[in-house]
Structures are given as C-alpha cells and as structure tokens.
Amino acid sequence: MRAQCHTGRPGVPLPTLTALRFAAALAVFLFHAFLTVDPLDPRAPLTFFADRPLAAALAHATSKAGYAGVSFFFVLSGFVLTWSAREGERPGTFWRRRMARIYPTHLVVWTAALLLFARAAPVRVWLPNLLLVHAESPDPDVNSGMNIPSWSLCCELLFYLLFPLLHRALRRLPDRGVGPATATALLAAAAVAAANAALLPDRPRIPQLPVSLDQLWFGYLFPPARLPEFVLGMLLARAVACGRAPRPGLLPAVLLLPPAYALTLAVPSPYDFTLPMLVPLALLVCAAAHRDLHRTAPAHPLGQWLGSVSFGFYLCQGVVLFHGRPLLLGDRTYPAPVATALTLAAFAVTLGAGALTYTAVERPAVRRLGRPGTRRGTGQRVGAG
C-alpha cells in the first residue's frame, strides 16, 4: 500500500535539533573528561581531580552521559536523513554527500592522531580505523585504537549504506503502520540488550564499567546493534511529517530527561546502554522538530554555530583527552580549583579544534564534494556521534 504522506520535508530547517547536537556532544565530552581510569592506560586517570571522593562523584554523575549523547546522535541521524531525503536522488549521490560530511574531518583527525601519538600503531589497528570498519572488530586494540570517538562513525557508515533501502521501505509503509513499526524498533533495541546480557560473558570487567569487553563491543560499539536507534529516528521523521508523532512540547520533553537519566544510573549494564533514555530522547526529537515547524523567531546564532561545530568537537576530544592529556600532564591530578580550570581548558581547546575542522575541512568538503544538489542554509545536519 502506498504511503499517504511524504517521509520528510527537504528545505525545512531544523535549528533546534541543530543546537541540541552540541548538548549531546558535550555530554560525551564530560563522560570522557571525568573518567577516573584512562581506557588506553588503566594505571592512569583521565580526570584532573585529585580529591578521590569528588573525582568518584563526578565520574558517577557523568558515567552514562556518553551513552545518552551517542544514542541521541543515532536517533537524530535517522530523523534528519529522512527529513531531508531528496526525491529521486540516486544512492551514489546520497553516499557521496554523506561521506563528504564526515570522512574528510575523520581523515584529518586520524592523521593527527597517527603523526602525534600513534606512530608505532600496527597496520591491524590503524588501517581499520582509517577505513571506518574498526568497530566491527571485537578486539579492543582495534575498535578503540587511534581516535576512540571515531567508532561511532563506523555505525554511521552502516546507516548510510542501508539508508536508500530503508527509506524505500519507509515510503511504502502505510500511515497506520508507523506506530507498530516504531514499537518494533524499540523492541529490537531491547532484544539487543537482552541478548547481550544472556549470551555474552560478563567477565573480565572493564575498569570503572560493570561490563566485559565483549558486552561493551556487542551492545555498544558493534554497528548492527545500533541500527534500531537509527531506524527509530527514521520512523519519527515520518511520524512528524504525517502528523502522527507525540507533541509533548519542548520544555516537558527536556524535563523528562533528568529522571530518565537517574534511571539509567540505576539500571544494570548492559541494559543501560540505550534503553532507559531511548523513549525520552525520541520525545525530545519530536518536540524539537515540532518547535521548528512552528518557529516564528530566527534561531539563535550561538546555538547554530555550536551545532555546526559539534561534529568536529566530538571527534577532536579523543586527541585532546586520550592523547594530549597524558602527553602534556602525564597522570598528575590537581586540587579542585586547578582541576576545574584544566577541565575548562581542555573543553576550550577541543571546541577550538572542532571549530577549526568545521571551518577548514568539513564546510569546504561539503561545498566541493557534496554537489550537485547540495542545499545551503537549511540548518539540517546529520547527527554523526
């Protein structure tokens, strides 16, 4: 049966969702910045705070922020790609535009990591990372090598490859099927978590994380396991376009996040990777999209700028925190005032690096490689977390 409405509205800007991208990237940054154990060196901390109770409290408070931020990116990616889908666009053109958005920045940050910090990395580590297939490997040296945050780009690459096929199926879905399909996507995410808990060993545990390396890989890093979130975002775009999405209002949707996050802190792993926050994040995406559809005032320029540089900010934090911090400061920690200043300095450096990659790499690449048919000024950006 033919769908009764379009799956998106190309050319209609989404400035609220653009601004929210930075909030999600910031959540991931805080999770990394307050880690009491460096994933690349379990003997050293990543946090700057010497006060152990304070460092532990900050680490606990932000311990699931990265999960929420990445999940938001994946849902947003499905939403925005569907919302901005162009009628009759060939898959090759779509893939070129999407790769122009993410790969040049990835290549620049990958090169910086290789030249500055990972010259001795073996081919089995740097080559999969270069090709954005490293998250497919359960080997932690591979999936966490080079630039740690780039694992999510492996997921985005899978989403891009499947999008033309998934979008064709979505267009054929009747309006009455959107609700059941959305429920199916949520159940699929739950099934991944249940399979992870039931089938994979939970030992040995990762320092500071109550899961094993196998569970972290399968439930969090493995690209096919994150596909339900992307599909959920696609279905939400269809629901908003057809007038079938919930309309909670932006403020109520935002107010749902703190209790959902508190639940995430209490839920045992691996169920905490996506499940507690998924419905609240979906409602937030719907609320922000509805707000943008009825917007009368112009979007705040600072929010749009932060959203624009958020992809570079997200990718560059790996170089600043995981490589730069040990290189410059070793494993030293400091009293709270100094540690706070150093955390803010790390944030400023990461933001500056993100702004530089956006201005010098991402934007020119999109302008030169994303043609023909690249729309400018729409505020629509892909949530690549």
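None of these values were measured; they are calculated from a predicted model.

(A) Broad picture of the overall build of the protein. Across its full length, the protein holds 14 helices and two strands. Relative to the 2.2 N^0.38 estimate, which gives 21 Å for 385 residues, the radius of gyration of the protein is 20 Å and therefore close to what a compact globule would have. Here the protein holds 385 residues, and the buried ones make up 54% of them. For the protein, contacts bridging at least 24 residues in sequence account for 82% of all contacts bridging at least 6. Within the structure as shown, the protein displays about 16,500 Å² of accessible surface, and the carbon and sulfur contribution to it stands at 67%. Mean positive and mean negative side-chain charge positions of the protein (35 and 17 charges, respectively) differ by 13 Å.

(B) The arrangement of the packing of helix H8 (residues 178-199) against helix H9 (residues 213-221) in detail. Contact geometry for H8 and H9: axes closest at 10 Å, N-to-C directions at 170 degrees. Taken together, H8 and H9 sit at an angle that is classed as roughly antiparallel. Residues Val 192, Asn 196 and Ala 197 of H8 form the contact with H9, whose participating residues are Gln 215, Phe 218 and Gly 219. Considering only residue class, the contact of H8 with H9 consists of three nonpolar, three polar and no charged.

(C) Highlighting unusual backbone geometry. Of note, the bond from Arg 203 into Pro 204 is cis; its omega dihedral lies within 30 degrees of zero at -5 degrees. As for its position among the elements, Pro 204 is in the loop between H8 and strand E1 (205-206). Residue Pro 270 is reached from Ser 269 by a cis peptide bond, and omega for that bond is 5 degrees. By the element assignment, Pro 270 lies in the loop between helix H11 (250-266) and helix H12 (275-293). One non-glycine residue, Leu 132, lies in the positive phi region at around 60 degrees. With respect to the element layout, Leu 132 can be found in the loop between helix H5 (123-130) and helix H6 (140-143). Although it is not a glycine, Met 146 adopts a positive phi angle of roughly 60 degrees. On the secondary structure map, Met 146 appears in the loop between H6 and helix H7 (151-172). Owing to a relative accessible area of 6%, Met 146 belongs among the buried residues under this scheme.

(D) Representation of the pattern of salt bridges within the structure. Evaluated as defined, the whole model comprises twelve salt bridges. A salt bridge links Arg 203 to Asp 202, with the shortest nitrogen-to-oxygen separation between them at 3.6 Å. With relative accessibility at 35%, the residue Asp 202 sits in the partly exposed group. When the shortest N-O distance is used, the salt bridge between Arg 295 and Asp 292 registers 3.4 Å. Owing to a relative accessible area of 27%, Arg 295 belongs among the partly exposed residues under this scheme. Asp 292 sits in the buried class, given a relative accessible area of 6%. Taken together, the salt bridges that share partners define one network made up of Arg 124, Asp 139 and Asp 141.

(E) Representation of the nonpolar core within the structure. Judged by nonpolar contacts, the single largest core of 101 residues is most densely connected at Leu 17, Phe 72, Phe 79, Trp 151, Tyr 220 and Tyr 314. Setting aside anything within four residues of it in sequence, one finds Tyr 220 in contact with Gly 66, Tyr 67, Val 70, Trp 151, Gln 215, Arg 226 and Phe 273. Core analysis: the next-biggest nonpolar cluster, separate from the first, contains seven residues, Leu 114, Ala 118, Ala 121 and Met 146 among them.

(F) Representation of a nonpolar patch on the surface within the structure. Together, Val 123, Leu 127, Leu 131 and Val 133 make up a nonpolar patch on the protein surface, roughly 320 Å² of accessible area in all. As for its placement among the helices and strands, Val 133 is situated in the loop between H5 and H6. Judged by its relative accessible area of 40%, Val 133 is partly exposed.

(G) The arrangement of helix H13 (residues 301-329) in detail. Here H13 spans only 35 Å end to end across 29 residues, well under the 42 Å set by a 1.5 Å rise per residue. For H13, a buried count of 22 out of 29 residues is recorded, marking the element as mostly surrounded by other parts of the structure. Looking one or two places after H13, you find Gly 330, whose phi comes out positive at around 60 degrees.

(H) Broad picture of the packing of aromatic side chains. For the structure on display, the rule yields 23 aromatic pairs. A centroid spacing of 5.4 Å and a plane angle of 90 degrees characterise the contact between Phe 74 and Phe 159, whose relative ring orientation is edge-to-face. You can see Phe 74 sitting in helix H3 (residues 65-83) and its partner Phe 159 sitting in helix H7, a full 85 residues away along the chain. Grouping residues by exposure puts Phe 74 and Phe 159 together as buried. Feature note: the residues Phe 31, Tyr 67, Phe 74, Phe 94, Trp 151, Phe 159, Tyr 160, Phe 163, Tyr 220, Phe 230 and Phe 273 constitute an aromatic cluster, connected by ring pairs.

(I) Main features of helix H14 (residues 336-369). Compared with the 50 Å implied by 1.5 Å per residue over 34 residues, the 46 Å span of H14 between its first and last C-alpha is a close match. The largest bend in H14 comes to about 40 degrees, at Tyr 358.

(J) Quick peek at the state of the cysteines. Counting across every chain of the model gives zero disulfides. A disulfide-free cysteine, Cys 155 has its sulfur positioned 6.7 Å from the sulfur of Cys 154, the nearest such atom. On the basis of relative accessibility, which here comes to 0%, the residue Cys 155 falls in the buried class. Note on Cys 316: no disulfide assigned, nearest cysteine sulfur contributed by Cys 154 at a separation of 17 Å.

Parameters at a glance
- Residues numbered from 1 in each chain as written.
- Predicted model: local features only at pLDDT ≥ 70, side-chain atom pairs only at ≥ 80, totals over all residues.
- Heavy atoms only, no water.
- Helix = DSSP H or I, 4+ residues; strand = E, 2+ residues; numbered from the N terminus.
- Rg over C-alpha atoms; globule rule 2.2 N^0.38 Å.
- Buried < 20%, exposed > 50% of the residue type's maximum accessible area, 1.4 Å probe, protein only.
- Contact = heavy atoms within 4.5 Å.
- Areas by Shrake-Rupley, 256 points an atom, 1.4 Å probe, with all protein chains shown as cover.
- Lys, Arg positive; Asp, Glu negative; His and termini not counted.
- Charge placed at Lys NZ, Arg CZ, Asp CG, Glu CD.
- Axes fitted to C-alpha atoms, helices over the stretch in contact; angles between N-to-C directions.
- Parallel < 35°, antiparallel > 145°, perpendicular 65-115°, else oblique.
- Nonpolar A, V, L, I, M, F, W, Y, C, P; charged D, E, K, R; others polar.
- Salt bridge = Lys/Arg side-chain N within 4 Å of Asp/Glu carboxyl O.
- Core = buried A, V, L, I, M, F, W, Y, C linked by side-chain atoms within 4.5 Å.
- Patch = residues over 30% accessible without salt bridge, like charges linked within 9 Å, V, L, I, M, F, W, Y side chains within 5 Å.
- Expected span 1.5 Å × (residues − 1).
- Phe/Tyr/Trp six-rings, centres within 6.5 Å; stacked < 30°, edge-to-face > 60°.
- Bend = angle between axes of the 7 residues up to and from the residue.
- Disulfide = S-S within 2.5 Å.

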